[in-house]
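# Structural overview for review
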Amino acid sequence: MSVPPRKIVHVDMDAFYASVEQRDDPSLRGRPVVVAWKGARSVVCAASYEARKFGVHSAMPALRAERLCPRAVFVPPDFARYKAVSRQVREIFARHTDLIEPLSLDEAYLDVTVNKSGFASATAVAEDIRAAIRAETQLTASAGVAPNKFLAKIASDFRKPDGLFVVRPREALGFLAPLPVERLPGVGKVMQRKLAELDVATIAELRAFDPDELERRFGRYGKRLHELSLGIDERPVTPDRPTLQISSEDTFEHDLALEDLTPHIARLAEHTWAAHQREAQAPHARIARSVVLKLKTSDFRILTRTLTPAERPTSARMLAEIACALRARVLLPPRTRYRLVGVGLAGFVDRDSFEAQAELFDVQEGRQARLVSQA
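Right, let's walk through the structure included here.

### Some points on the pattern of salt bridges
Within the structure shown, the criterion is met by 20 salt bridges. We note a salt bridge from E21 to R81, for which the minimum N-O separation is 2.8 Å. With E21 in helix 1 (residues 16-24) and R81 in helix 4 (residues 79-94), this pair connects stretches of sequence that are 60 residues apart. Take E21: its relative accessible area is 5%, and that puts it in the buried class. Relative accessible area serves as the criterion here: at 24%, R81 is assigned to the partly exposed category.

See the structure below:
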């Protein structure tokens, strides 16, 4: 008996950070807005559609964005506000399904093969979600509906902004055929160039290429490429992915010596600890055991140093002290200068099992102490 295809919705908020800023400040509406700190080291977090017309996009250096769009309004990011809106949107998703896989604050996969709201189709679910987002947040979202995550994510781009695109199972091959190979996940400039050397520029051409030869040249990813060209993606929507790391980082206006990083580490430790405490309030929360120090040198070399102390961090001050101490493990010449520092928490474990183990350890220590006293 064949298994019916999944019904997957990919929802992507439109220019999310910039749209929140325009919503909350009417003077910004219709203007090119760039969410970024101004400065030589800053990068763009988001750009409104008015700014994108000038070629501005996220991850671009802020100085380049300023050159491309001199009339752009630069707004510093306010992540607390964006997270609050993201929670609103997540509550809307939860009315329809518990199978929600967030990718970031502004996008998520939803498996609505069986939905809680009683709609007959995934398309109706997506339409209702978009309408609720508009009514309750005064923002817009685009959505893609398809039988798997890969197709749904591509589809959500097709009617941006404020659009909906549906790929039915019977339409998948035709939908993919004319698209350039760079639309496939993992195909960046290097892979695109390698495929071009094989005269493969579109997904249809990739589909026609010998799959065994693809696997021989590119290993398991070659097999994956062939599957994607056929619209095959068996990955389930995975809700509640466990936290792997919480971190904060900062890029300096001027490069600094290692010993000058103390106040910056302390400040970032405060941000990281606050984020950890917020997460710790959630049901089934996990707690961090390890401290991570991240550094980027003036020549863009990235270093990380990690320590799992005998006693887990229990305050921002303790986190900062451990992160500062990790500098002793950086064995670069004293003249080295650093352009970025980050402070993170990792090694997350279940709170209940950790506390049970700690209690057991305390009991065992007590028994050992009594045995010693009786000897």
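### Some points on the sheet that holds strand 1 (residues 8-13)
Read across the open sheet, the five strands follow the order 5-6-1-7-8; overall the sheet is mixed. In this open sheet, the two strands that pair with only one neighbour each are strand 5 (100-104) and strand 8 (164-166). If you compare each strand with its neighbour and ignore which way they point, the axes differ by 15° on average. Examined bridge by bridge, strand 1 and strand 7 (residues 141-146) share six bridges and lie antiparallel to one another. Paired with I8 across the strands is A146, a residue of strand 7. Helix 4 rests against strand 1, strand 5 and strand 6 (107-111) of the sheet, and its axis sits at about 155° to strand 5. The sheet contacts of helix 6 (residues 149-156) involve strand 1, strand 5, strand 6, strand 7 and strand 8, and relative to strand 7 the element is tilted by about 145°.

### Describing the pairing of strand 7
Burial within strand 7 is extensive, with six of its six residues counted as buried. Here strand 7 runs beside strand 8; their pairing, made up of three bridges, is parallel. Looking across to strand 8, one finds that A143 is bridged to L164. For the handedness criterion, the β-α-β arrangement of strand 7, helix 6 and strand 8 is classed as left-handed.

### Describing the packing of helix 4 against helix 5 (residues 122-137)
Following both chains from N to C, one finds helix 4 and helix 5 inclined at 145°, their axes separated by 10 Å at the closest point. The two elements helix 4 and helix 5 cross, and the hand of that crossing is right-handed. Within the contact between the two elements, helix 4 uses Q88, V89, I92 and F93 and helix 5 uses I129, A132, I133, E136 and T137. When its residues are assigned to classes, the contact of helix 4 with helix 5 shows six nonpolar, two polar and one charged.

### Focus on the sheet that holds strand 13 (residues 338-346)
Strands belonging to one sheet form pairs held by backbone hydrogen bonds; the direction of such a pair is parallel or antiparallel. With antiparallel pairing, four strands are arranged side by side in an open sheet as 9-13-11-12. In this open sheet, the two strands that pair with only one neighbour each are strand 9 (245-256) and strand 12 (302-307). Across the sheet, the mean angle from the axis of one strand to that of its neighbour is 15°, orientation sign disregarded. Where strand 11 (residues 290-297) and strand 13 come together, eight bridges link them in antiparallel fashion. Residue pairing for strand 13: L295 is matched across the bridge by V341. The strands touched by helix 12 (residues 262-280) within the sheet are strand 9, strand 11 and strand 13, with strand 9 carrying the most contacts at an inclination of about 160°.

Here is what the cut-offs are and how they apply
- Residues numbered from 1 in each chain as written.
- Predicted model: local features only at pLDDT ≥ 70, side-chain atom pairs only at ≥ 80, totals over all residues.
- Heavy atoms only, no water.
- Salt bridge = Lys/Arg side-chain N within 4 Å of Asp/Glu carboxyl O.
- Helix = DSSP H or I, 4+ residues; strand = E, 2+ residues; numbered from the N terminus.
- Buried < 20%, exposed > 50% of the residue type's maximum accessible area, 1.4 Å probe, protein only.
- Pairing = 2+ DSSP bridges.
- Axes fitted to C-alpha atoms, helices over the stretch in contact; angles between N-to-C directions.
- Contact = heavy atoms within 4.5 Å.
- Right-handed = clockwise from strand over helix to strand, strands pointing away.
- Left-handed = near helix turned anticlockwise from the far one by under 90°.
- Nonpolar A, V, L, I, M, F, W, Y, C, P; charged D, E, K, R; others polar.

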